[in-house]
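# What the coordinates show
Chain by chain, the residues:
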Amino acid sequence: MNQPLMLTATQKAGPKVTAWVGGLVLLVLLAMPLLSLLPADNSFQVSAYTLTLVGKILCYAIVALALDLVWGYAGLLSLGHGLFFALGGYAMGMYLMRQASGDELPAFMTFLSWTELPWYWVGTEHFWWAMCLVVLAPGLLALVFGFFAFRSRIKGVYFSIMTQALTFAGMLLFFRNETGFGGNNGFTNFRSILGFGITEPGTRAVLFFATVMLLVISLFLGWRLARSKFGRVLTALRDAENRLMFCGYDPRGFKLFVWVLSAVLCGLAGALYVPQVGIINPGEMSPTNSIEAAVWVALGGRGTLIGPLLGAGVVNGMKSWFTVAFPEYWLFFLGALFIIVTLYLPKGVIGLLKKKDEQ
Amino acid sequence: MPTALYRLILACLLLLPLGAYANDANDFAAANNSEQAQLLESWAAHPTPGRVELINGLQQGQISVDGEVKTLRLNNRLRGLIDTALASHQLLAVDPKLRLNAAQQLQKSAKPAQLKFLDQQLAAETDSDVRSALSLALANLQLVDPDPAVRLAAVRLLGETGEPLARTRLENLLQPDIETDASVRTAAETSLAQVKRKLLIGDLLGQAFSGLSLGSILLLAALGLAITFGLLGVINMAHGEMLMLGAYSTYCVQLLFQRFAPGAIEFYPLLALPVAFFVTAAVGMVLERTIIRHLYGRPLETLLATWGISLILIQLVRVLFGAQNVEVANPAWLSGGLHVLPNLVLPYNRLVIIVFALAVVVLTWLLLNKTRLGLNVRAVTQNRNMAACCGVPTGRVDMLAFGLGSGIAGLGGVALSQIGNVGPDLGQGYIIDSFLVVVLGGVGQLAGTVYAAFGLGIANKILEPQIGAVLGKILILGLIILFIQKRPQGLFALKGRVID
Amino acid sequence: MKRRSLIKAFTLTASIAAMGMSWTLQAAETIKVGILHSLSGTMAISETSLKDMALMTIDEINAKGGVNGKMLEAVVVDPASNWPLFAEKSRQLLTQDKVAVVFGCWTSVSRKSVLPVFEELNGLLFYPVQYEGEEMSPNVFYTGAAPNQQAIPAVEYLMSEDGGSAKRFVLLGTDYVYPRTTNKILRAFLHSKGVADKDIEEVYTPFGHSDYQTIVSNIKKFSAGGKTAVISTVNGDSNVPFYKELANQGLKATDVPVIAFSVGEEELRGIDTKPLVGNLAAWNYFESVENPVNKKFVNDWKAYAKAHNLPGADKAVTNDPMEATYVGIHMWAQAAEKAKSTDVDKVREAMAGQTFAAPSGYTLTMDKTNHHLHKPVMIGEIQDDGQFNVVWQTKEPIRAQPWSPYIPGNDKKPDYAVKSN
């Protein structure tokens with residue numbers, strides 16, 4: 001909190017270079033789903049493995065971005081974003097389960113000897129209602145939690161621990177079989193989405209494309225926010241909340257808005273994540289996952305828009321590689337990464353890059 | 001029963017004790033499982049002093065046939081019958097203590113065939129404790145006596161115990177068409193009410209005790225954190241791993257005792273305490289000097305760095321000791337429990353942990369409030385710059401305070417090793433609870449931590465029987481979140497006018 | 001001493017032979033096989049030893065000349081107890097590394113997570129752990145037990161005279177799909193044996209539950225109503241606190257026996273077993289089984305653990321899922337030899353009816369249609385040395401019923417493997 005962080009990456013780091021690199025990355029991402037449709041013997045073909053892996057990382061990148069909005073800009077470190085992500089995922093998963101089971105009950109319910117759908121499953125066979133749930137479930141929870149938390153001015157460490165307790169409670173709740181979300185197994189074995197087979201290359205490509213679009217939209221949103229007066233108020237709130245209040249601002253509304261927005265973005269990311277990886281279960285709500293998300297943001301660089309994306313990409317890419325190459329040393333490496341970043345890279349990788357630019 | 005067996009028993013009774021003993025052993029060794037069971041039942045009904053040694057051997061799973069010791073293959077049914085037979089034989093012992101134990105065992109497991117023998121023993125018994133225990137054992141069997149007067153006496157006697165078994169027996173008696181005599185029925189009803197009342201008292205006390213016990217465990221887990229987080233402001237996510245290191249220190253001490261001082265193995269936890277304290281305190285101090293000291297004043301970043309530390313420590317332990325749990329045995333004096341009421345057993349390990357937790361709290365309080373170090377710690381945590389100006393070596397104090405917090409966590413680890421798993425993931429299960437306890441109690445407040453730990457423990461144990469362990473925990477988490485909204489500073493807020 | 005030097009001699013010759021082989025076959029291509037077990041995270045405690053067992057078995061097959069003249073090459077990945085990562089890693093093994101077969105998974109949820117991937121890419125998975133059934137995929141071979149190969153014989157034993165003629169049952173489990181299904185099947189089975197609902201109590205605890213005070217005192221209360229047995233499907237880590245609480249509250253196995261379906265030799269390594277003597281476990285294999293195949297199996301494993309410096313090698317034990325892994329890999333190798341190919345469809349066909357003389361002392365057969373092994377059932381009593389003493393076993397291996405007849409609706413399911421999609 002001592003060093004005021006930079007507003008956006010795009011403002012200082014040589015707008016031209018950033019624009020070029022960003023454009024190139026976007027182009028590659030947009031080309032990937034098309035290339036994945038090529039026949040398998042073509043050397044430009046992007047395999048389904050690569051596509052789902054990158055798709056998954058992009059979903060994580062959206063989470064990182066959403067977390068950065070509340071942490072990097074408003075100074076509220078949430079250790080419960082996994083909950084919002086999972087809620088979005090579960091909402092989507094409900095629809096997919098209904099698609100897979102047709103007119104019958106989802107398999108895990110017949111297994112519990114339930115004869116009818118619980119009330120909260122009503123309407124989930126319709127895609128539009130599932131999409132509403134994707135937004136409403138995390139949004140409403142964030143609204144209620146945020147309203148009370150910000151009203152009683154919980155912040156800093158307390159806020160982090162409360163959000164952690166929230167996601168932990170959510171995890172326990174969803175682990176219960178009676179809760180009606182498949183317990184520990186969660187939802188798997190999806191078949192189709194809007195009538196298209198979930199394993200079809202075309203469906204995969206479209207889902208990937210949608211993920212890229214969501215990322216671009218959230219980036220744009222973040223960019224607009226950061227540049228607006230609203231963004232400046234948020235930053236002021238992060239750096240000196242009391243002074244802001246003495247200036248006549250009521251910080252609650254600002255906090256609540258960005259907090260709910262962030263939760264909804266997470267939910268949307270979760271909804272896109274589920275059909276791509278093929279499973280959602282309460283493990284996504286485990287406090288560990290949410291802490292990891294905080295590390296993506298810290299590694300990439302808080303208070304910047306590109307940083308979190310970079311962090312999510314780097315950590316997850318390395319995770320995929322390390323768990324194959326040196327499975328036993330992955331945790332050592334991850335742990336060391338946490339420590340090094342906090343000790344030596346308070347501004348993250350972006351900070352490092354910028355330093356070079358400035359020289 | 002086959003006639004061969006009758007002859008056999010007859011032969012046993014007629015022969016000299018020594019000869020009978022040898023024959024019994026031979027018969028037993030030669031019999032198959034169901035014949036062995038019959039033998040044991042008949043022995044229980046007609047005990048002779050010479051057979052005690054044989055049955056004692058059987059209980060250990062050994063039998064000596066013709067001077068040769070063999071290991072027996074027993075199952076649970078035989079083990080139960082052996083216990084009953086042994087109790088039957090021990091009623092003949094000289095030592096009244098043995099007889100009392102035997103009578104108590106027979107209250108649970110006496111068979112109708114033993115009725116006659118018990119009757120005889122009761123008539124001959126001189127010790128009053130044994131008499132009452134024995135008459136109870138007899139009463140259980142007399143519930144089906146043809147004479148209503150005997151039944152009435154038995155029912156009245158049963159009403160005076162708090163045995164869970166008595167309740168079932170009376171309930172069975174009260175089922176339609178079982179007991180026909182009206183006076184016995186009414187007596188049984190009053191007795192049943194009596195028993196139920198006694199059982200209820202035991203249940204409530206048991207619930208209170210388990211709440212206290214859970215609270216003391218939470219307290220030990222959270223106390224170290226109350227110092228590192230509460231006083232130093234470090235969000236120490238590696239706190240759980242300090243508990244884990246403490247537990248592993250206990251394991252290592254146990255190994256050393258096994259190798260070098262097997263005779264004194266009973267007392268390894270006593271040595272494990274200082275070892276665990278110093279090991280974890282040293283680890284804590286090293287971490288403080290190398291990593292955490294750079295992060296004071298940036299609490300959220302200590303969270304990330306200490307999380308990294310915890311990952312490294314977990315994997316390190318996994319590489320060194322393996323991913324599997326390691327075995328930490330309770331010494332004999334921490335095994336078993338104190339029988340307070342027939343349905344209330346207080347396990348020794350839990351009793352010791354409650355006392356230990358309170359002792360650690362008292363010591364910590366003394367250390368923080370009555371020593372120079374404590375004064376310095378409080379000074380530094382209240383106002384670092386001012387303390388430095390007054391000549392307090394803040395760096396050293398930070399290091400010592402962090403070491404103290406870690407060391408206390410290590411002590412907690414020793415306690416945890418006596419009730420649960422010792423594995424690399426041990427700490428992960430306690431970290432969230434620990435934070436909640438500290439936050440709920442009010443950061444920087446030792447008393448708050450104590451109240452919060454016991455409060456949470458008892459609340460958990462009150463809720464668990466009603467709505468199950470999972471929902472209970474969720475409800476409590478929800479309540480804590482609500483409570484913090486109401487009182488953001490926790491139960492005990494620090495008074496002050498500091499504002500950022 | 002003598003045995004040790006024998007082992008040494010054996011490993012020496014084996015390794016020399018292996019070196020020779022690998023030298024001659026260095027240039028030849030290998031067959032890649034995937035190993036998908038968590039090496040970090042919560043499941044590492046159970047799965048790490050399965051990875052090592054798989055590597056040992058592969059070494060053993062290679063020492064005998066490999067499969068179809070080619071050496072096996074293990075590709076080990078770490079899904080880190082993270083279920084989506086299981087799906088990702090299996091896709092990687094199948095499409096990037098192009099493995100012929102994958103040995104792996106422990107929890108049901110990890111299997112459910114990878115199943116769509118295996119069905120989509122027509123891969124082959126060998127799953128070595130006892131599980132709840134209700135599944136039969138053509139892309140999976142199940143070498144662990146289905147409920148009728150473990151749970152039902154165990155309860156029959158408890159109700160028998162030797163098992164203590166239990167009349168009341170506490171079904172205690174961790175709240176996930178395996179205990180839930182098993183208990184559902186058991187409840188239906190107990191009903192069919194005339195046990196009323198009031199004599200059955202079902203209790204679930206969350207994962208990692210460590211405070212069993214309330215549950216143990218409830219069991220005590222329940223057991224006052226008649227001869228009670230506890231059927232425990234408590235998941236690995238929670239067993240230590242549960243058993244410690246049982247012992248300390250004075251519930252002995254003679255009063256209330258506990259039979260566990262998830263406690264094996266590996267789990268007992270972390271428990272002081274003295275207070276547990278007499279409690280039971282039901283499996284399809286115990287390390288203490290006496291026969292020459294098992295003797296070699298156990299010795300090989302101990303030698304392997306020592307030679308590779310595995311943690312806790314001096315106390316290395318074998319258990320049921322390890323045996324199932326061992327059997328599975330050998331059966332796959334035999335089937336690949338028979339099919340003269342590692343092509344999934346051909347191997348699948350060749351797997352039907354495959355037999356293998358297993359360490360359990362029985363010759364196990366892969367069923368012709370249902371992708372499950374025929375397995376013997378054994379009930380072991382915990383001894384104070386951390387081993388089990390087999391007190392009861394079936395005469396013959398039993399055929400698996402993955403679709404349990406005790407679950408309504410299962411009578412309509414086909415008795416052969418069909419894709420779930």
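Residues numbered from 1 in each chain as written. Chains lettered and ligands numbered in written order. Predicted model: local features only at pLDDT ≥ 70, side-chain atom pairs only at ≥ 80, totals over all residues.

### Observations concerning the overall build of chain C
Looking only at helices and strands, one finds twelve helices and 14 strands in chain C. Over its C-alpha atoms chain C spans a radius of gyration of 21 Å, differing by no more than 12% from the 22 Å that the globule rule assigns to 421 residues. For the C-alpha atoms alone, the extent of chain C along its principal axes is close to 70 × 55 × 40 Å. Counting the 421 residues in chain C, one finds 60% classified as buried. The contacts in chain C between residues at least 6 apart in sequence include a share of 71% that link residues at least 24 apart. (Helix = DSSP H or I, 4+ residues; strand = E, 2+ residues; numbered from the N terminus. Rg over C-alpha atoms; globule rule 2.2 N^0.38 Å. Buried ≥ 20, exposed ≤ 12 C-beta atoms within 10 Å, placed from the backbone. Contact = placed C-beta atoms within 7 Å.)

### Describing helix H12 (residues 239-260) of chain B
Over its 22 residues, H12 of chain B extends 32 Å from the first C-alpha to the last, a length consistent with the 32 Å expected when each residue adds 1.5 Å. Judged by how many residues are buried, H12 of chain B sits mostly within the fold: 16 of 22 residues are covered. (Expected span 1.5 Å × (residues − 1).)

### Focus: the confidence of the model for chain C
Residue and element names in this part refer to chain C. For chain C, per-residue confidence averages 87 on the pLDDT scale, and 93% of positions sit at 70 or higher. A low-confidence stretch, residues 1-6 (pLDDT under 50), is modelled with zero contacts involving residues beyond four sequence positions or located in other chains. In this model residues 8-27 is a low-confidence stretch, pLDDT under 50, and it forms eleven contacts with partners more than four residues away in sequence or in other chains. This complex was scored by the predictor with a pTM of 0.86 and an ipTM of 0.84. (pLDDT = per-residue confidence, 0-100.)

### Let's talk about the interface of chain C and chain B
Taken together, the contacts link 43 residues of chain C with 45 residues of chain B. If you tally residues by element for the side of chain C that touches chain B, the top one is helix H8 (residues 239-248) of chain C, at five residues. For the side of chain C that touches chain B, the class distribution of residues is 13 nonpolar, 20 polar and ten charged. (Nonpolar A, V, L, I, M, F, W, Y, C, P; charged D, E, K, R; others polar.)

### With respect to the sheet that holds strand S8 (residues 228-233) of chain C
Residues and elements named next belong to chain C. Spatial ordering of the open sheet is given by S7-S6-S8-S9-S10-S13-S14, a layout of seven strands whose pairing is mixed. Strand pairing shows two members of the sheet lacking a second neighbour, strand S7 (200-205) and strand S14 (388-393), which therefore form its edges. Pairs of neighbouring strands in the sheet enclose a mean axial angle of 25°, with direction left out of account. Here strand S9 (residues 258-260) pairs with strand S10 (residues 280-283) via two bridges, running parallel. Each residue of the ladder has a partner; that of Ile259, found in S10, is Leu280. (Pairing = 2+ DSSP bridges. Axes fitted to C-alpha atoms, helices over the stretch in contact; angles between N-to-C directions.)

### What to know about the sheet that holds strand S5 (residues 140-142) of chain C
Residues and elements named next belong to chain C. Here five strands make up an open sheet; going across it, the order is S2-S1-S3-S4-S5 and the pairing parallel. Because the sheet does not close on itself, it has two edges, and the strands there are strand S2 (71-77) and S5. Averaged over neighbouring strand pairs, the angle between their axes works out to 25° when direction is ignored. In terms of strand pairing, strand S3 (residues 101-104) meets strand S4 (residues 125-127) through two bridges, oriented parallel. Across the sheet, the residue bridging to Val102 is Leu125, located in S4.

### Quick word on the interface of chain A and chain C
Listed as interface residues are 30 residues of chain A and, on the opposing side, 32 residues of chain C. Of all the secondary structure elements, the ones that give two or more residues to the side of chain A that touches chain C are helix H3 (48-73), helix H5 (107-111), helix H7 (156-175), helix H13 (306-325) and helix H14 (330-344) of chain A. In terms of residue count, the dominant contributor to the side of chain A that touches chain C is H3 of chain A (four residues).

### A short note on the pairing of S7 of chain C
Residues and elements named next belong to chain C. Examined bridge by bridge, strand S6 (residues 168-174) and S7 share six bridges and lie parallel to one another. By the bridge assignment for S7, Val170 is matched with Glu201. Handedness of the S6-helix H6 (residues 177-192)-S7 crossover: right-handed. (Right-handed = clockwise from strand over helix to strand, strands pointing away.)

### Re the packing of helix H20 (residues 446-467) of chain B against helix H21 (residues 469-486) of chain B
Residue and element names in this part refer to chain B. Running from N to C, H20 and H21 point in directions that differ by 135°, and their axes come no closer than 8 Å. As far as their axial angle goes, H21 and H20 are oblique. Both H20 and H21 take part in a crossing whose hand is right-handed. Between H20 and H21, the contacting residues are Leu456, Ala459, Asn460, Leu463, Glu464 and Ile467 on the first element and Ala469, Leu471, Gly472, Lys473, Leu475 and Ile476 on the second. Here the contact of H20 with H21 is composed, by residue class, of eight nonpolar, two polar and two charged. (Parallel < 35°, antiparallel > 145°, perpendicular 65-115°, else oblique. Left-handed = near helix turned anticlockwise from the far one by under 90°.)

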